[in-house]
Amino acid sequence: MMGGTADIELIDKKGKRLDGRKADEMRPVTIEAGVLKRANGSAYLEWGGNKVLAGVFGPREAIPRHSQDATKAIVNFRYNMAPFSVDDRKRPGPDRRSSEIGKVAAEAFANVIVLEQFPRASVDIVVEILEAAAGTRCAAITAASVALADAGIPMKGMVASCAAGKAGGKVVLDLAQKEDNFGEADVPLAMNMTTGEVVLLQMDGDLSPKEFETALDYAMKGCKDIYEIQKKALLTRYQRVIEGEA
Amino acid sequence: MGHDIVLSDIKRDYVHRLAAEGRREDGRGFLEFRNVEVRPGIIGKAEGSAEVLLGSTRVLAGVKMIIGTPYPDTPDKGAMATGVELNPIAAPDFESGPPREKAIELGRVVDRGIRESGLIDMKALCIEPGEKIWMAFIDIDILDFDGNLFDACSLAATAALLDAKVPISQVDETKKDYPLPISEIIPIQTTFAKLGDAIMVDPSLNEEQCMDVRLTVSTDQNGNIRAMQKGGGSGSFSRDEILETCRKARDIQVGLRSLLEGIRA
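The rules behind each value
Residues numbered from 1 in each chain as written. Chains lettered and ligands numbered in written order. Predicted model: local features only at pLDDT ≥ 70, side-chain atom pairs only at ≥ 80, totals over all residues. Heavy atoms only, no water. Helix = DSSP H or I, 4+ residues; strand = E, 2+ residues; numbered from the N terminus. Rg over C-alpha atoms; globule rule 2.2 N^0.38 Å. Buried < 20%, exposed > 50% of the residue type's maximum accessible area, 1.4 Å probe, protein only. Lys, Arg positive; Asp, Glu negative; His and termini not counted. Charge placed at Lys NZ, Arg CZ, Asp CG, Glu CD. Patch = residues over 30% accessible without salt bridge, like charges linked within 9 Å, V, L, I, M, F, W, Y side chains within 5 Å. Areas by Shrake-Rupley, 256 points an atom, 1.4 Å probe, with all protein chains shown as cover. Salt bridge = Lys/Arg side-chain N within 4 Å of Asp/Glu carboxyl O. Core = buried A, V, L, I, M, F, W, Y, C linked by side-chain atoms within 4.5 Å. Contact = heavy atoms within 4.5 Å. Pairing = 2+ DSSP bridges. Axes fitted to C-alpha atoms, helices over the stretch in contact; angles between N-to-C directions. Phe/Tyr/Trp six-rings, centres within 6.5 Å; stacked < 30°, edge-to-face > 60°. Lys NZ or Arg CZ within 6 Å of the ring centre and 35° of its normal. 1 Å grid on protein atoms, 1.4 Å probe; cavity = no way out; pocket = protein on both sides within 12 Å on 5 of 7 lines; lining within 4 Å. Points joined across faces, edges and corners; volume = space filled by probe spheres on them. Nonpolar A, V, L, I, M, F, W, Y, C, P; charged D, E, K, R; others polar. Buried area = accessible area lost by both parts, 1.4 Å probe. Polar contact = N/O pair within 3.5 Å; in protein donor to acceptor, adjacent residues only side chain to side chain.

### Quick word on the overall build of chain B
Part 1 of the argument: Helix and strand counts for chain B come out as 5 helices and 12 strands.
Part 2 of the argument: Its C-alpha atoms give chain B a radius of gyration of 19 Å, within 12% of the compact-globule value 18 Å for 265 residues.
Part 3 of the argument: Oriented by its inertia axes, the alpha-carbon framework of chain B measures out at about 65 × 40 × 35 Å.
Part 4 of the argument: Residues counted as buried form 55% of the 265 residues belonging to chain B.
Part 5 of the argument: The centroid of the 32 positive side-chain charges in chain B is displaced by 2 Å from the centroid of its 43 negative side-chain charges.

Written out as structure tokens, the structure is:
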């Protein structure tokens, strides 16, 4: 968060946001499951201006050997931004931001994947951000969850993810790029949709307790809407299988 | 090492036997490419971009333009760099980490094909001699690997450059972005795999794993040869095989070239 920059009006007098959305309105989301040949499961997602591809490999023998757990599988989550996905070219390769996102996302999925079924194995999730427009970690987690289901990995629930935050003095759902850059707060969140519990939560910025509660409710409602789109993508995928296409 | 993919002996024998009979696993002729699709301009934040689907192989090239200082030996020329990542999303045996031999060879072959053919007009990318130039970064993301990355990457990079605009408005609001200056010579790369005595274009994943050796030939619209690379194994080519392969490359590039028609920022 860069904090409120006065020269940009994020919310107009009618309460509409820069892209015309209402405070609790999400950007359009589309998901397609089963888009890659070599990955065991995959999904392509577009969310506002974000374009995200997720692939899942495994469960397979965890390497290096010392990373293995004799009692259960481990989850690896690689989050990576393509160099051309952002305004200023991103230097290829891992950085501290992508490592952190990978870690918290892997922990979110460790909550739902039935890891005990696969001792010494790893479930490897690879997410590539092809184009970024704020909210990439939520987009990455949402796509990865569909890819895991597409790969047939046993899960206790789907994980859906969505952010809320504060921009132009108002709590809003799903920050757009300018709201993310010039807004006051960002709260990305992910939920186990079976239990309704939160499996990822981060926050930066400045929110009153009341505002935080609203942001939390917005983000959780957002996850529910995302979950419906995830289910639709999987249904469409298996409709295709039934019809003998894929 | 990592999750190595080993082709079974029975599959290997099968691919070799088919080749000896003049046939291929997917029913193609030896001089037939798989279905190729070029989708330019799909990444809004890139100055130029193109996705190429070659059978199930899928790669995405993006161009970013940055202002920098010229190299001392070319004060009046722009600069370019090509990077290829064997993204672990693309195959079970691709691993994260710094590019290794395979990715470096691939990146360098694609880079040479563009650089040495003069595809980009480097002089036109000079802003102030000795002081300021445009640098073009071509990054290629491998998304799904089903064989023949060389041709998929080179086609994607070329299409992304054709699609690219110089973002001059970012530094001077009074000016309008303009298409990246491109020369009239556009080389097209075709890769051949040799299995036993058989030589086939656009090897599939299994064919690549079985091949003795590979030859990549880049030809321009005048039929001249602009770049070559032998690789992919310890096998060898005879003089006649090399000349024959060059002739085939000249014929085959026509079809691929037509896919680039109409792409211009």
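Anyway, onward from the coordinates.
### Some thoughts on a nonpolar patch on the surface
Part 1 of the argument: On the surface, a cluster of nonpolar side chains totalling about 220 Å² of accessible area is made up of B:Ile225, B:Met228 and B:Ile242.
Part 2 of the argument: Its place among the elements puts B:Ile225 in strand β12 (residues 225-231).

### Some thoughts on the nonpolar core
Residue and element names in this part refer to chain A.
Part 1 of the argument: Formed by 65 residues in total, the largest nonpolar core has its most connected members in Trp47, Phe77, Phe109, Ile113, Ile125 and Val127.
Part 2 of the argument: Ranked by the residues each element gives to this core, the list is headed by helix α2 (residues 136-150), at 9 residues.
Part 3 of the argument: Setting aside chain neighbours within four positions, we find Ile113 in contact with Val75, Val123, Leu148, Ile153, Pro154, Met155 and Lys156.

### Regarding the sheet that holds strand β2 (residues 41-47) of chain A
Residue and element names in this part refer to chain A.
Part 1 of the argument: Strands sit in the order β1-β2-β3-β5-β4 across an open sheet of 5 strands; the sheet is mixed. Strand pairing shows two members of the sheet lacking a second neighbour, β1 (29-33) and β4 (74-81), which therefore form its edges. Adjacent strand axes in the sheet meet at a mean angle of 15°, parallel and antiparallel pairs treated alike.
Part 2 of the argument: Strand direction decides the pairing type here: strand β3 (residues 50-61) and strand β5 (residues 121-131), joined by 9 bridges, are antiparallel. Bridged to Leu53 within β5 is Glu128.
Part 3 of the argument: Those strands touched by helix α1 (residues 96-110) are β4 and β5, and its axis lies near 145° from that of β4.
Part 4 of the argument: With respect to the sheet, α2 is in contact with β1, β2, β3, β4 and β5, its orientation differing from that of β2 by roughly 150°.

### A look at the packing of aromatic side chains
Part 1 of the argument: One pass over the full model with this rule turns up 2 aromatic pairs over all chains.
Part 2 of the argument: The interplanar angle of 10° and the centroid separation of 6.0 Å between the aromatic rings of A:Phe77 and A:Phe109 together place this pair among those described as stacked. With a gap of 32 residues between them, A:Phe77 in strand β4 and A:Phe109 in helix α1 connect regions that are remote in the sequence.
Part 3 of the argument: Given a relative accessible area of 0%, A:Phe109 falls into the buried group.
Part 4 of the argument: On the basis of an interplanar angle of 25° and a centroid distance of 5.2 Å, the ring pair of B:Phe94 and B:Phe145 is categorised as stacked. In this pair, B:Phe94 sits in the loop between β4 (79-85) and α2 (101-115) while B:Phe145 sits in the loop between β6 (132-144) and α3 (149-163), placing the two residues 51 residues apart along the sequence.
Part 5 of the argument: Overall, the relative accessible area of 6% leaves B:Phe145 in the buried class.
Part 6 of the argument: The residue whose ring lies beneath A:Arg237 is A:Tyr238, and the NZ or CZ to ring-centre distance is 5.9 Å.

### Quick word on the sheet that holds β12(B)
All names here are of chain B.
Part 1 of the argument: Taking strand neighbours across the sheet as the criterion, the 4 strands line up as β10-β9-β11-β12 in an open arrangement whose pairing is antiparallel. Strands with a single pairing partner mark the edges of an open sheet, and in this sheet they are β10 (198-201) and β12. Neighbour-to-neighbour, the strand axes of the sheet open up by a mean angle of 20°, direction not taken into account.
Part 2 of the argument: By the bridge criterion, 6 bridges tie strand β11 (residues 213-219) to β12 in an arrangement that is antiparallel.

### Considerations on the layout of surface pockets
Part 1 of the argument: Taken as a whole, the largest pocket spans an internal volume of roughly 1000 Å³.
Part 2 of the argument: Those elements that place two or more of their residues in the lining of the largest pocket are β3, β4, α1 and β5 of chain A together with β4, α2 and β6 of chain B.
Part 3 of the argument: Here the lining of the largest pocket gets 6 residues from one element, more than from any other, and that element is β4(A).
Part 4 of the argument: As a volume, the second largest pocket reaches approximately 620 Å³.
Part 5 of the argument: Contributing to the lining of the second largest pocket are 29 residues, with A:Arg97, A:Ala134, A:Gly135, A:Arg137 and A:Asp180 lying nearest its centre.
Part 6 of the argument: Those elements that place two or more of their residues in the lining of the second largest pocket are α2, α3 (177-182) and β8 (185-192) of chain A.
Part 7 of the argument: Looking at side-chain class alone, the lining of the second largest pocket contains 12 nonpolar, 5 polar and 12 charged residues.

### Describing the interface of chain B and chain A
Part 1 of the argument: Taken together, the contacts link 33 residues of chain B with 32 residues of chain A.
Part 2 of the argument: Interface area lost by chain B to chain A is led by B:His3, B:Lys45 and B:Ile89, which between them contribute 27%.
Part 3 of the argument: At the surface where chain B touches chain A, the tally comes to 3 salt bridges.
Part 4 of the argument: A:Lys37 is the salt-bridge partner of B:Asp146, the closest N and O atoms lying 3.0 Å from each other.
Part 5 of the argument: At the surface where chain B touches chain A, the tally comes to 19 residue pairs in polar contact (both at pLDDT 80 or more).
Part 6 of the argument: Secondary structure elements with two or more residues in the side of chain B that touches chain A: β3 (57-68) and β6 of chain B.
Part 7 of the argument: Here the side of chain B that touches chain A takes 6 residues from β3(B), the largest share from any one element.

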